[in-house]
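For reference, the chains in residue letters:
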Amino acid sequence: MAWRARVLVVANLTATSRELLDALLARAERGPIDVTLLMPATRVGFSGREEAAERLGQALERWHAAGLTAQGLVGDTDPIVAVHEAWDPRAYDEVIVSTLPGASSKWLQFDLPHRVAQITSLQVSHVVAREQRDHRYGPPPPRERRALGPLSLKGTKQH
């Protein structure tokens, strides 16, 4: 049996993104990997953990369909606390942090990839990805023209 690298992936909104999946597949081309997705809860409380667990399941389904060996866990709402709680140097060889791009990423605002590197003492790969939106609701309805109201006639000449 060949040695398999154990990769910890920290992601939430970007967990189902094409960019992250491509990065994992590229990593798997260099050698076999076992992936653990650590997904911080979306908000405090049971409902926040349930919401994250649903997104976690979607991501793992997608990764399994692509041929990756993966498992997952929901962590604390604070990604730093989640990494501290999940981190075991005997369990992981590599870390990937996936964030939204630039100013739209709360995780980049407090420099999560570098902070995870400090916690784990490993070099952390950073994947910038777009959030996968839920398209089941469809586009917004067409805008209706408003009927003229009493103020819309103000300033017009009436006969």
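Now for a description of the structure that goes with this document.

Thresholds, definitions, all that
Residues numbered from 1 in each chain as written. Predicted model: local features only at pLDDT ≥ 70, side-chain atom pairs only at ≥ 80, totals over all residues. Heavy atoms only, no water. Helix = DSSP H or I, 4+ residues; strand = E, 2+ residues; numbered from the N terminus. Contact = heavy atoms within 4.5 Å. Areas by Shrake-Rupley, 256 points an atom, 1.4 Å probe, with all protein chains shown as cover. Expected span 1.5 Å × (residues − 1). Buried < 20%, exposed > 50% of the residue type's maximum accessible area, 1.4 Å probe, protein only. Arc of directions from axis to C-beta. Phe/Tyr/Trp six-rings, centres within 6.5 Å; stacked < 30°, edge-to-face > 60°. Core = buried A, V, L, I, M, F, W, Y, C linked by side-chain atoms within 4.5 Å. Pairing = 2+ DSSP bridges. Axes fitted to C-alpha atoms, helices over the stretch in contact; angles between N-to-C directions.

**Focus: the overall build of the protein chain**
Helices and strands together make up the secondary structure of the protein chain, namely five helices and five strands. For the protein chain, the proportion of contacts with a sequence separation of at least 24, taken over those separated by at least 6, is 75%. Carbon together with sulfur atoms contributes 52% to the accessible area of the protein chain, which is approximately 10,400 Å² in total.

**A few points about helix H2 (residues 46–65)**
In a regular helix each residue adds 1.5 Å, so 20 residues correspond to 28 Å; H2 covers 28 Å between its end C-alpha atoms and thus fits that length. Along H2, the positions that sit buried rather than exposed are Gly48, Ala52, Arg55, Leu56, Ala59, Leu60 and Trp63. One side of H2 holds all its buried residues, which, seen down the axis, span an arc of 145°. Across H2 from its buried face, at more than 90 degrees, point the exposed residues Phe46, Glu61 and Ala65. Contacts made by the buried residues of H2 are with strand E1 (5–10), helix H1 (18–30), strand E2 (33–40) and strand E3 (69–75).

**Some remarks on the packing of aromatic side chains**
Evaluation of the coordinates by the stated rule reveals one aromatic pair. Relative to tyrosine 92, the ring of tryptophan 87 lies with its centre 5.8 Å away and its plane at 25°, an arrangement referred to as stacked. Neither tryptophan 87 nor tyrosine 92 differs from the other in exposure class; each is buried.

**Remarks on the nonpolar core**
With 21 residues, the main nonpolar core has Val9, Leu20, Leu24, Val35, Leu37, Trp63 and Ile96 as its most contacted residues. Among the elements of the structure, E1, H1, E2 and H2 are those that each provide at least two residues to this core. With five residues, H2 is the single largest residue contributor to this core. Within the second largest apolar cluster, 16 residues are counted, among which are Leu38, Ile80, Ala86 and Val97.

**Structural notes on the sheet that holds E2**
Taken in spatial order, the five strands make up an open sheet running E3-E2-E1-E4-E5, and their pairing is parallel. Either end of the sheet is taken by a strand with one partner, and the two such strands are E3 and strand E5 (124–128). Looking at each pair of strands side by side, their axes are set apart by 20° on average, direction ignored. Bridge count between E1 and E2: six bridges; the pairing is parallel. Pairing of alanine 5 across the sheet is with isoleucine 33, part of E2. In the packing of H1 onto the sheet, the strands contacted are E1, E2, strand E4 (94–99) and E5, and the crossing angle to E4 comes to about 160°. Each of E1, E2 and E3 is contacted by helix H3 (residues 79–86), which is oriented at about 135° to E2, the strand it contacts most.

**As for the pairing of E1**
In terms of burial, E1 is largely enclosed, as five of its six residues are buried. Note: E1 against E4, four bridges, orientation parallel. Bridge assignment links leucine 8 to a residue of E4, and that residue is valine 95.

**Remarks on H3**
Here H3 has its buried residues at Pro79, Ile80, Ala82, Val83 and Ala86. One side of H3 carries all its buried residues, which in axial view fall inside an arc of 160°. Where H3 is buried, its residues contact E1, E2, E3, helix H4 (106–109) and helix H5 (112–120).

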